[in-house]
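What follows is each chain in one-letter form.
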Amino acid sequence: MNFSNLVWWACFIVAGVWLQQGLPGVDVLVAGLLVSLQERRHYQTFWLLLVLLLVQEGAGTLAFGSTVLWYGGLVVFFNVGRWLFEAENLAFVVLLSLGLGACHFLFTLMMASLQQLDIPQDRLFLESVWQACVVPPAWWLTHIVRRRCMGDAYTV
């Protein structure tokens, strides 16, 4: 991983964390992980996944593990869906975001019940809908900005 790539991802993480302050309960950083998976750079994806896990688990209120399930679900959905769709297809990203929205609801509900927290399901459902709606535009914007800043060498 070269220095400019490292700087790009650091700026992405800072911008993503800043955006998440305005959208509580919504993971904007998942768009970067999706772009990294699409680039098929396994070393980069591994380190990015590790950093994002630490950032999200450290910032969250639930016990450790919900983000691991969340990002694990993304990796599984991505690899299964890639057999059926082109990885950069908007339809693929929309279907993936719907699956991630459902996972957000289920994983958060499951982890909250393990901690005996009472989360209003209507609020959690709304967060999950927001999550499903935010992923496609966040992915598109991340993909476009990365292509413009880093050039075609970093795109599939």
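The numbering scheme is per chain: residues are counted from 1 as the chain's sequence reads. This being a predicted model, a pLDDT of at least 70 is required before a residue's local features are given, and a value of 80 or more before pairs of side-chain atoms are given or counted; all residues contribute to the totals for chains, interfaces and linings. To get the side-chain values, take all heavy atoms of the structure and skip hydrogens and water.

### Let's talk about the overall build of the protein
Part 1 of the argument: Numbered from the N terminus, helices here are DSSP runs of H or I no shorter than four residues, and strands are runs of E no shorter than two. The secondary structure content of the protein amounts to six helices and zero strands.
Part 2 of the argument: Here the C-alpha atoms of the protein give a radius of gyration of 15 Å, agreeing with the 15 Å that 2.2 N^0.38 yields for 156 residues.
Part 3 of the argument: With the C-alpha coordinates aligned to their principal axes, the bounding extent of the protein is approximately 45 × 30 × 25 Å.
Part 4 of the argument: Relative accessible area decides the class of each residue, using a 1.4 Å probe on protein chains only: under 20% of the type maximum gives buried, over 50% gives exposed, and in between gives partly exposed. For the protein, the residues scored as buried account for 44% of the 156 residues in total.
Part 5 of the argument: Of all intrachain contacts in the protein linking residues separated by at least 6 positions in sequence, the fraction that spans at least 24 positions is 64%.
Part 6 of the argument: Surface accessibility in these figures is a Shrake-Rupley result with a 1.4 Å probe; residues are shielded only by whichever protein chains are displayed. Accessible surface for the protein amounts to roughly 8,800 Å². Of this, 71% is attributable to carbon and sulfur atoms.
Part 7 of the argument: Across the protein, 7 positive and 9 negative side-chain charges occur, with their mean positions spaced 12 Å apart. Radius of gyration: C-alpha atoms only; globule rule: 2.2 Å multiplied by the number of residues to the exponent 0.38. The contact rule is simple, with two residues in contact once any of their heavy atoms fall within 4.5 Å. Note that His is not counted, nor are the chain ends; the positive residues are Lys and Arg, and the negative ones are Asp and Glu. To locate a charge, the coordinates of NZ of Lys, CZ of Arg, CG of Asp or CD of Glu are taken.

### Concerning the nonpolar core
Part 1 of the argument: The term nonpolar core refers to a set of buried residues drawn from Ala, Val, Leu, Ile, Met, Phe, Trp, Tyr and Cys, joined through side-chain atoms within 4.5 Å. Membership of the largest hydrophobic core comes to 31 residues, with the highest contact counts inside it found for Val30, Leu34, Leu52, Tyr71 and Leu74.
Part 2 of the argument: Setting aside chain neighbours within four positions, we find leucine 52 in contact with Ile13, Leu29, Leu33 and Tyr71.

### As for the environment of glutamine 44
Part 1 of the argument: Among the structural elements, glutamine 44 can be located in helix α3 (residues 42-59).
Part 2 of the argument: A relative accessible area of 3% means that glutamine 44 is categorised as buried.

### Things to note about the side chain of threonine 142
Part 1 of the argument: Mapping threonine 142 onto the fold places it in helix α6 (residues 121-150).
Part 2 of the argument: Ignoring sequence-local partners within four residues, the contact set of threonine 142 consists of Trp8, Phe12, Ala31, Gly32 and Val35.

### Re α6
Part 1 of the argument: Multiply 1.5 Å by the residue count of a helix minus one, and that product is the helix's expected span. The end-to-end C-alpha distance of α6 is 41 Å, a good match for the 44 Å that 30 residues give at a rise of 1.5 Å each.
Part 2 of the argument: To get the bend at any residue, fit one axis to the seven residues that end at it and another to the seven that begin at it, then take the angle between the two axes. Maximal helix bending in α6 amounts to about 30°, located at valine 134; proline proline 136 follows within four positions.
Part 3 of the argument: Of the residues one or two after α6, glycine 151 is the one with positive phi, at around 85°.

### Re the confidence of the model for the protein
Part 1 of the argument: Per-residue confidence from the prediction method is given by pLDDT, with values spanning 0 to 100. Residue-level pLDDT values for the protein average 84, and 91% of them are 70 or greater.
Part 2 of the argument: The secondary-structure element of the protein with the lowest mean pLDDT is helix α4 (residues 66-84), recorded at 84, while helix α2 (residues 30-39) shows the highest, at 91.

### Overview of the packing of α4 against helix α5 (residues 90-114)
To describe two helices that pack against each other, one gives the angle between their axes and the distance between the axes.
Part 1 of the argument: Where helices are involved, their axes are fitted lines through C-alpha atoms of the stretch in contact, as for all axes, and angles between N-to-C directions lie from 0 to 180°. Where α4 meets α5, the closest approach of the two axes is 10 Å, and the angle between their N-to-C directions is 150°. On the basis of their axis angle, the class for α4 and α5 is roughly antiparallel. At the point where α4 passes α5, the crossing takes the right-handed sense. Contacts from Ser66, Leu69, Trp70, Leu74, Phe77, Phe78, Gly81 and Arg82 in α4 reach Phe92, Leu96, Gly99, Leu100, Cys103, His104, Phe107, Met110 and Met111 in α5.
Part 2 of the argument: Of the residues belonging to the contact of α4 with α5, the class tally is twelve nonpolar, four polar and one charged. The cut-offs work like this: below 35 degrees is roughly parallel, past 145 is roughly antiparallel, 65 to 115 is roughly perpendicular, and the gaps in between are oblique. Whether a crossing is left-handed or right-handed is set by the direction in which the near helix is turned from the far one by less than a right angle, anticlockwise for left-handed and clockwise for right-handed. Gly is placed with the polar residues, together with every amino acid not listed as nonpolar (Ala, Val, Leu, Ile, Met, Phe, Trp, Tyr, Cys and Pro) or charged (Asp, Glu, Lys and Arg).

### A look at unusual backbone geometry
Part 1 of the argument: With phi around 60°, arginine 40 is a residue other than glycine that occupies positive phi space.
Part 2 of the argument: You can see arginine 40 is positioned in the loop between α2 and α3.
Part 3 of the argument: Arginine 40 sits in the partly exposed class, given a relative accessible area of 49%.

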